[in-house]
Structures are given as C-alpha cells and as structure tokens.
Amino acid sequence: MKSESRQSIVLGDVEVIRVVEWQGAFAPARQLVPESGAEVWKGNEDWLAPDHWEPDGDSAVMALQTWILRSSGRTVLVDTGVGNGRERPGYAHFHHRQGDFLGRLARVGVRPEDVDVVVNTHVHADHVGGNTVGVDGGWEPAFPNAQYLIPAADDFHFGPDNAYGNGRQEDDRLTYEDSIAPVHRAGQTVLWDGTHRIDEHLTLESAPGHTPGSSVLRLASGSDRAVFVGDLLHSPVQILAPSCNSGFCLDAEQAVASRGRILERAATERELVVPAHFGGAGAVEVRQEGGGFTLGRWAAYGTE
C-alpha cells in the first residue's frame, strides 16, 4: 500500500488538507459494490485503474484518509480513521492496526491540542478509531480541546441503549466502547440530528442509509462549494450507477435516496464531491448527463 501523502487546496476562505494513511486493494469489486455489473468496471477501466480498481485481481482500490479543514480560525478534522491497537476481529484490515495517525497530522502542522472540532460522518470503525488513544490500559480522547460532533441516530444505534441491536455487529460494539464512549465520558461530544451549523462556511446535514445517522458536511465559501460525503460513495462507479449500494449499507432504499439527492445537488451547485475513501485525487466534480450522472474534473491535487 502507498504511504501517507499530504496535499492541500483552498476553497474560498477554507484550506482543505488531505492526509492519506494508506491506499491499496481493499476487497473484490463486486463485494464492495455488490449490485454493480462487471461492465461498469471494465467499460471504465481506462480511468478506474489504477487508483480505483486493479483489473488483474478485480479488486476495488480504496484510501484511508482524513480531511483537515482550516475554517474561521479553527481546525476541523473530518473522520479519524481506524486508530491503533483496536479489537476488530471482523475486519482484517483494521484488526490490531498500528499506524501513525497523530504523527501524520503533526507533519502537516496539526497537534492534538490544536484541533477544535472532530466530525464523525458516521460511526463505523474506520471513521472514528482515531477519536481516542490508549492510556494506562484504557481509552481517552485524542484531541483534548476538541468538540466531537456525532450523529445522534448513530450514537443510539451503535450504543448500549439500543435494545434491539438490529444491524449492530460485535465490531460495532467494540468500536463504540473504545472510540465513542470515552469521548462521552470526557464531556466532549455534541449529538446532533437534521442539520448542524459549525461555522459560517461549514454545515452538517443528515444523509441516512449507509447507517441511520450517516451525514455529509457542506462547505460554502465565496463562490466555492464542496460536500464531504463520508461513505455515501465507496467507489466512483456509484456515481455512474447511483442505485448501487456498498455492501456495508444498512438501509438499501434509504441509502440510494440519499445518494441520489446529494449527487443531484452537487451537480446543480457545482460542488466538489469529497468521499471518505476515493483514491487518486480523492475528490471529483459531478455532472448530470442523460438522466444520470457522470464525472467532471478531479480535484487539482493527488497523491505524491
């Protein structure tokens, strides 16, 4: 897998810094996006490979990355990766992972005490693991001065108060216990629903389906627009075939509806679409074409 790289762009008055922990083959293409046909991958091989697909092994390529936004004088992290030393028996890529997340942040000028806001687009293991660090056999918030914004619906669904537990797996329970509960105990969480305004440029908006509380983060500054969509998209083929969910979506119908709504607005308002896991340039414009969507320009930076 490729090592970490850092690039930045400026959108209006907001600097967007991308920190990539790794990028590589993650899963068979049709396991990641089960309803996608082989033709959509093969028919777009010229640009899907090598950043989004390895044709020889038919493997979807994904990145684990965090987006740092410097907005209105504050530092905002969008998702925090897998974290270190976690029990994730259901996910081989994440189980007992030892990375250098805080070191990578430091190399782009972000110390733990500098972070003002942590956005968890949803509560899955690879989006909240860096929320905490191990201390004396337990877990404490990694960012002591930060407000952690967590979707209320996900907090309930994956937390201990959900007596039904529908859709919650053992890895989800472990994730909540080591990456969410410690932040609650420290009094640093804000649970939100519907929409949540962070500052004059940044607004969170619910986009359920992948998980009950899945959300997107909208950036509007000057004439520039972007939308950080979390796991609304795992692969660019879902832009071409938006009715195709990932294999991790809990509510298929709701996920399709959210994806279509967010992509339509992105195309209409010329928003840069910034998914959590796209490789290559990591972010792309979307256009409406023939009743569907197509890809426009990729972001003006890529991996080193």
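Here the structure is a predicted model, which means the values were calculated and not measured.

**Student:** In this structure, what is going on with the confidence of the model for the chain? I would like to understand it.
**Tutor:** Do not read the predicted coordinates in detail wherever pLDDT is low. Of the residues in the chain, 95% reach a pLDDT of 70 or more, and the chain-wide mean stands at 93. The model gives residues 1–6 a pLDDT under 50, and that stretch makes 28 contacts with residues more than four places away or in other chains.

**Student:** Would you mind going over the pattern of salt bridges with me for this structure?
**Tutor:** Any two side chains of opposite charge can pair if their charged atoms end up close together. Enumeration over the complete set of coordinates arrives at 19 salt bridges. One salt bridge in this structure joins D178 and R86, with 3.2 Å as the shortest N-O distance. Here R86 lies in the loop between strand 5 (74–78) and helix 4 (101–107) and D178 lies in helix 7 (residues 170–185), a separation of 92 residues in the sequence. For R86, a relative accessible area of 1% gives the class buried. Between E285 and R297 there is a salt bridge; the shortest N-O distance is 3.1 Å. Taken together, the positions of E285 in strand 16 (residues 284–289) and R297 in strand 17 (residues 292–298) put the pair 12 residues apart, joining distant regions of the chain. Its relative accessible area of 13% is what places E285 among the buried residues.

**Student:** What am I meant to see in the packing of aromatic side chains here?
**Tutor:** Note on aromatic pairs: each is described by the distance of the centres and the angle between the planes. By the definition in use, this model includes six aromatic pairs. Considering the side-chain rings of W67 and F228, the 6.0 Å spacing of their centres and the 65° angle between planes classify their relative orientation as edge-to-face. Of this pair, W67 sits in strand 4 (residues 59–71) while F228 sits in strand 14 (residues 224–230); the two residues are 161 residues apart in sequence, bridging distant segments of the chain. Each member of the pair, W67 as well as F228, carries the same accessibility label: buried. Taken together, the ring pairs in this structure connect F26, Y91 and F94 into an aromatic cluster.

**Student:** Would you take a moment to explain the pairing of strand 13 (residues 215–221) for this structure?
**Tutor:** In terms of burial, strand 13 is largely enclosed, as six of its seven residues are buried. In terms of strand pairing, strand 12 (residues 202–206) meets strand 13 through five bridges, oriented antiparallel. Within strand 13, the position partnered with S206 by the bridge is S215. The pairing of strand 13 with strand 14 spans five bridges and is classified as antiparallel. Among the inter-strand pairings, L217 is bridged to a residue of strand 14, identified as F228. In sequence, strand 13 turns back onto strand 14 through a hairpin of two residues, with G222 there showing a positive phi of about 60°.

**Student:** Would you mind showing me how to read helix 7 here?
**Tutor:** Two residues of an α-helix separated by three or four positions point the same way, owing to the 3.6 residues in each turn. Over its 16 residues, helix 7 extends 21 Å from the first C-alpha to the last, a length consistent with the 22 Å expected when each residue adds 1.5 Å. Those residues of helix 7 lying buried are D171, D172, L174, T175, Y176, D178, S179, I180, A181, P182 and V183. Immediately downstream of helix 7, the backbone of G187 shows phi near 75°, a positive value.

Calculation notes
- Residue indices follow the written sequence of each chain, beginning from 1 at its first position.
- Totals for whole chains, interfaces and linings use every residue, but because this is a predicted model, local features are given only for residues with pLDDT of at least 70 and side-chain atom pairs only at 80 or more, for both listing and counting.
- Side-chain measures were taken over the full set of non-hydrogen atoms in the model, leaving aside hydrogen atoms and water.
- For every residue, the predictor reports its confidence as pLDDT, a number between 0 and 100.
- Two residues form a contact once any of their heavy atoms are found within 4.5 Å.
- By definition here, a salt bridge exists when the distance from a side-chain nitrogen of Lys or Arg to a carboxyl oxygen of Asp or Glu is within 4 Å.
- Only DSSP runs of H or I covering at least 4 residues are called helices, and only runs of E covering at least 2 are called strands; the numbering of each starts at the N terminus.
- Classification of residues uses two cut-offs on accessible area relative to the type maximum, computed with a 1.4 Å probe and protein chains only: under 20% is buried, over 50% is exposed, and between them is partly exposed.
- We call Phe, Tyr and Trp rings a pair once their centres come within 6.5 Å, taking the six-membered ring for Trp, and we label the pair stacked below 30 degrees between planes, edge-to-face above 60, and tilted otherwise.
- DSSP-based pairing: two strands are paired if at least 2 bridges between them are found.
- Here a helix's expected span is defined as the number of its residues, less one, multiplied by 1.5 Å.

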